[in-house]
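The residues making up each chain are set out below.
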Amino acid sequence: MAGKFAEVYLKSQASEINLPFDYLIPDNLLNDIKIGSLVIVPFGKREEIGFVSKIKNKSFIKDTYGKEIKEIKGILFTKPFFDLNKLKLAYWLSFYYISSMGNVLKLFMPPGYNYKINRFIFFNSDKLQNLFDKFPLFIQFNLEDKYPEKDLIKIISEKEKITESKAKNIISKLEKENHIKIKYELSELKIKPKLINIYKLNEKNFLRLNDFSDIKNISQKNIINYLQTAIEASKEEILKNASATQYSLNTLINKKIVIKEKKVLKRNFNYDNYFKESVFNDNFKLNIYQENCVNKITNFIGSNINHNFLIEGVTGSGKTEVYIRCVKDALKKNKSALILTPEISLTPQLYSNFKNVFKEGLAVYHSGMSENERFEKWMDIFEGKINIVIGTRSAIFTPIKNLGIIIVDEQHDVSYKENFGLRYNAIDTVIRLGKILKIPVVFGSATPSVSLKYKLSKDKNSTILNMPQKINDDIKTIKQIIDLKKIDKFKEDEIITNELFYNLKNVIDKNEKAIIFINRRGYSNFIICNDCGFIPKCPNCDLPYTFHKNERKLKCHHCGMEDKFSDSCLSCNSKRITLYGTGIQKVESKIKQRFPDIPVIRMDSDVTARKKSHEKILSKFISQSPSILIGTQMISKGLDIKNVSLVGVINIDSMFALPDYHINERVYSLLTQVSGRTGRSNSHGKVIVQTFKPESIIIKNFINESYEDFYNKELLNRKELNYPPFTNLINIIISDKIEEMAKNEIYKFYNDLIKIINDDTDKILGPSPAPFIKLNQYYRWHILIKTFKINNFISRFTKLLRIIKINKNCRFIIDIDPEWIL
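Here's what I pulled together on the structure shown here. Computed from a predicted model, the values in this text were never measured in an experiment.

### A short note on the overall build of the protein chain
Line of reasoning, step 1. What the protein chain contains, in helices and strands, is 24 helices and 33 strands.
Line of reasoning, step 2. For the protein chain, the C-alpha atoms occupy an extent of roughly 100 × 85 × 70 Å along the three principal directions.
Line of reasoning, step 3. Each of the 822 residues in the protein chain was classed as buried or not, and the buried ones make up 52%.
Line of reasoning, step 4. Carbon and sulfur atoms form 49% of the exposed surface of the protein chain, whose accessible area is close to 39,300 Å².
Line of reasoning, step 5. For the protein chain, the centre of its 129 positive side-chain charges and the centre of its 93 negative side-chain charges are spaced 2 Å apart.

Okay, structure coming up:
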């Protein structure tokens, strides 16, 4: 029996009122409203969009307080957008990341909607005469059509010569008297369908022909024959495939034998297969480590049992092969698969590898696609047309049917953490989703995050699988460290050292490829005037501008502020300017000077803003030998490109200065990942790391390929300082354009916060200025909390947030398990 009441979370709800409201389900909607339905409900004097979370026969509010329950006004879609399992995930996200359910449930909605409500008027045919007697103006309307309420109000206002407010009252009265019915639709103004002309036979007129006796023209007959088979086609397709002329097509249209219609052109976003050779081959024999991984994982696919797997596999060990075999097993068992990758730059290769094997039923989903493209892919997934989704973290929330396995590649990457809005971590989110769906979740990395490895090693429901050797174990990678303290700066360039230059020349002579990694955009870190000492800084962030030589601009990499640079001091107009530090543009310039006849390709966020630019850049690098690819972090992981025999690492030391407890892990992972881009095919590889700190324990562990030693030492350091994985961190940031306001507000908050702190389980650091105290015009103060019992703390903290007020002019951020504390 259908329930009579629905619990509804409002889309616009604030976190401090994170409760559903009861609404009465009208009789005409009883069979349509389900968990996951998007509905229109009255709230105060306005109408709001809400998400149905529960259907029940009784209302506690009505039974307990005797309050009259308002009625749901309408339903926006016939199919629900999320089911009970996704609702369970939403409850967890809302609790753990301290956000309203309305804010969380928006993640599960299709992209591109602006969620504005359109009201449409339908006339009740049973009461037409009564309506005409009251308002003769309605006689002129086609009463079978629907009319936007705004248009109808305007018509009544003009015809009756009354204000629009009074016209609106008339509409409300007609609704109460049941002369009209209101239906609701979402405005889709942000989604702009692309229309094309298509042509097809006019069946009504075509059937009267019986034969082609009155069609003498061969070209016209060809068009008719073609459209009988093709059903519909574009003009270009008809003229080409039917060997016809435009004149013949126009003649058939004039005779009304062929009709022209508008049709929405589907944007089928995918990547061209620039990786022509598939990694998968049914005849390919897995090594013992790969086989062990596949067997262990596939035992859980379709078993209705959740289990977590961490594949700790060295770079080039064949993890993608394992993923493909597991997905193939899932499809055999009528299950679908979700494969996550941390960055858009990695999706072209991953998609191509899977596309070469599975051919159909794949979709890419990430923010590099247009809203129209994401909307169409979302709808394909929603309608069950897709059984393999490959994407970045937002793909978690796509409506995949019958999910059987989740795979997270390059698990160590910090990009799995969202840094705006709902600051969820995709790693923890898929672990929770796997538990809810009772399916296996697979993580893969050569350098798994310290926290996840420790967590899974202590969990009985998890297994760590090792893949310690490359597919071709005979191929070796030589690692060489250049101590920059020992080079003669009068004879040698510390950016392109002699050793790096000679090795690059050797690669070019052998017609091979090289990758140069530098972790900094722009040309130089900052500029300084040699006369007055002025350093140009971003006015929004109070941090030095980075100089971008190609565009002759000074840019802030934090807020995007730009300023023109004319080679003169902005303070005293002196021409005596010094460029300090090294960015990717400077490295590019020096290598092009040294190797003017060799393709030198750059890949960083400044040149990958356009859609599919990652694919184009990598295709260019792959198709040319010899060639040199220079890039930032986006080239450091996941790429499997043949004939890359050298990797050079420039200026890794700049990362050591960042004030973050993760930084040792970041540097070790980065070095390991970028070194894995060489020595992957049939030729040996070499890695050259230029550093001022060759004695660093991180560098030594990297040289010895000893992740386990690094992991154990890092655990000891973190345990001593009570950092994750032994505690959880919460970073609370309050910011304002006036620093004193931010400071005062954080101290007020601190005085409330200490009332709920348990000295046995919680520790507060701060309040203090954030490491980057000013960003994008806002001064930032923060409090860092360490807790041994995260769920208990969140419960106490959430109660506190309900009773305290933060100045509405201040920005307030709660970051659970932050990846950066800057």
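### Some words on the packing of aromatic side chains
Line of reasoning, step 1. For the structure shown, the criterion picks out 27 aromatic pairs.
Line of reasoning, step 2. Ring centres 6.4 Å apart and planes at 50 degrees place the aromatic pair Phe51 and Phe82 in the tilted group. Highlighted residues: Phe51 in strand β4 (residues 46-56) and Phe82 in the loop between β5 (74-75) and α2 (84-96), separated in sequence by 31 residues.
Line of reasoning, step 3. The class of Phe51 is buried, set by a relative accessible area of 1%.
Line of reasoning, step 4. Phe82 gets classed as buried once you look at its relative accessible area, which sits at 4%.
Line of reasoning, step 5. Their ring planes at 45 degrees and their centres at 6.4 Å tell us that Tyr707 and Phe710 sit as a pair that is tilted. Of this pair, Tyr707 and Phe710 both sit in helix α22 (residues 707-721), 3 residues apart, which is roughly one turn of that helix. Take Tyr707 and Phe710: they sit in the same class, and that class is buried.
Line of reasoning, step 6. An aromatic cluster is defined as three or more aromatic residues linked by ring pairs; in this entry it consists of Phe51, Phe82, Phe108, Phe397 and Tyr424.
Line of reasoning, step 7. Looking at Lys479, its charged tip hangs above the ring of Phe702, at a distance of 4.2 Å from the centre.
Line of reasoning, step 8. The ring of Phe501 is capped by Arg594, whose NZ or CZ atom sits 4.9 Å from the centre of that ring.

### Quick look at the pairing of strand β27 (residues 627-631)
Line of reasoning, step 1. Counted residue by residue, β27 has 5 buried out of 5 residues, so it is predominantly covered.
Line of reasoning, step 2. Covered by surrounding structure in β27 are Ser627, Leu629 and Gly631 together with Ile628 and Ile630, the residues of both alternating faces.
Line of reasoning, step 3. Sheet analysis places strand β20 (residues 513-518) next to β27, joined by 5 bridges and oriented parallel. Looking at β27, one finds that Ile516 is bridged to Ile630.
Line of reasoning, step 4. Relative to β27, strand β26 (residues 600-603) runs parallel, the two sharing 4 bridges. The residue of β27 that forms the bridge with Val600 is Ile628.

### What to know about the sheet that holds strand β18 (residues 462-467)
Line of reasoning, step 1. Taken in spatial order, the 7 strands of this open sheet run β14-β15-β13-β16-β17-β12-β18, and their pairing is parallel. Pairing within the sheet leaves two strands with one partner each, and these edge strands are β14 (362-365) and β18. Adjacent strand axes in the sheet meet at a mean angle of 15 degrees when their direction is disregarded.
Line of reasoning, step 2. Two strands pair when backbone bridges link them, and strand β12 (residues 307-313) and strand β17 (residues 440-445) are joined in this way by 6 bridges, in the parallel orientation. In the strand pairing of β17, Asn308 is matched with Val441.
Line of reasoning, step 3. In this fold helix α12 (residues 319-332) packs onto β12, β13 (336-340), β15 (388-391), β16 (403-408), β17 and β18, with an angle of close to 170 degrees to the strand it touches most, β16.
Line of reasoning, step 4. Across the sheet, helix α16 (residues 450-457) is in contact with β12, β17 and β18; its angle to β12 comes to roughly 130 degrees.

### Looking at the sheet that holds strand β1 (residues 5-10)
Strands in a sheet are paired, the pairing made by backbone hydrogen bonds, and the direction either parallel or antiparallel.
Line of reasoning, step 1. The sheet built from 5 strands is open, its strands ordered β2-β1-β4-β3-β5 with antiparallel pairing. At either end of the open sheet lies a strand with only one pairing partner, and these are β2 (21-24) and β5.
Line of reasoning, step 2. Of the strand pairs in this sheet, β1 and β4 are connected by 6 bridges, and their pairing is antiparallel. Paired with Glu7 across the strands is Lys54, a residue of β4.

### What about the nonpolar core?
Line of reasoning, step 1. Residues Leu105, Ile406, Phe443, Phe749, Leu753 and Phe797 are the most contacted members of the largest nonpolar core, which totals 90 residues.
Line of reasoning, step 2. Non-local contacts of Leu753, meaning those with residues more than four positions away in its chain, are made with Ile732, Ile764, Ile783, Ile785, Phe793, Phe797 and Leu800.
Line of reasoning, step 3. Ranked by size, the runner-up nonpolar core spans 36 residues in total, among them Ile515, Ile699, Tyr707 and Tyr711.

### What about the pattern of salt bridges?
Line of reasoning, step 1. Counted by the stated rule, this structure contains 33 salt bridges.
Line of reasoning, step 2. Two residues, Asp815 and Arg423, come together in a salt bridge whose shortest N-O distance is 4.0 Å. With Asp815 in strand β33 (residues 811-816) and Arg423 in the loop between β16 and α15 (426-437), the pair connects residues that are 392 residues apart, well separated along the chain. Accessibility classification places Asp815 together with Arg423 in one group, the buried group.
Line of reasoning, step 3. Among the salt bridges present, the one from Lys510 reaches Glu512, with a minimum N-O distance of 3.8 Å.

Rules behind the numbers
- Residues numbered from 1 in each chain as written.
- Predicted model: local features only at pLDDT ≥ 70, side-chain atom pairs only at ≥ 80, totals over all residues.
- Heavy atoms only, no water.
- Helix = DSSP H or I, 4+ residues; strand = E, 2+ residues; numbered from the N terminus.
- Buried < 20%, exposed > 50% of the residue type's maximum accessible area, 1.4 Å probe, protein only.
- Areas by Shrake-Rupley, 256 points an atom, 1.4 Å probe, with all protein chains shown as cover.
- Lys, Arg positive; Asp, Glu negative; His and termini not counted.
- Charge placed at Lys NZ, Arg CZ, Asp CG, Glu CD.
- Phe/Tyr/Trp six-rings, centres within 6.5 Å; stacked < 30°, edge-to-face > 60°.
- Lys NZ or Arg CZ within 6 Å of the ring centre and 35° of its normal.
- Pairing = 2+ DSSP bridges.
- Axes fitted to C-alpha atoms, helices over the stretch in contact; angles between N-to-C directions.
- Contact = heavy atoms within 4.5 Å.
- Core = buried A, V, L, I, M, F, W, Y, C linked by side-chain atoms within 4.5 Å.
- Salt bridge = Lys/Arg side-chain N within 4 Å of Asp/Glu carboxyl O.

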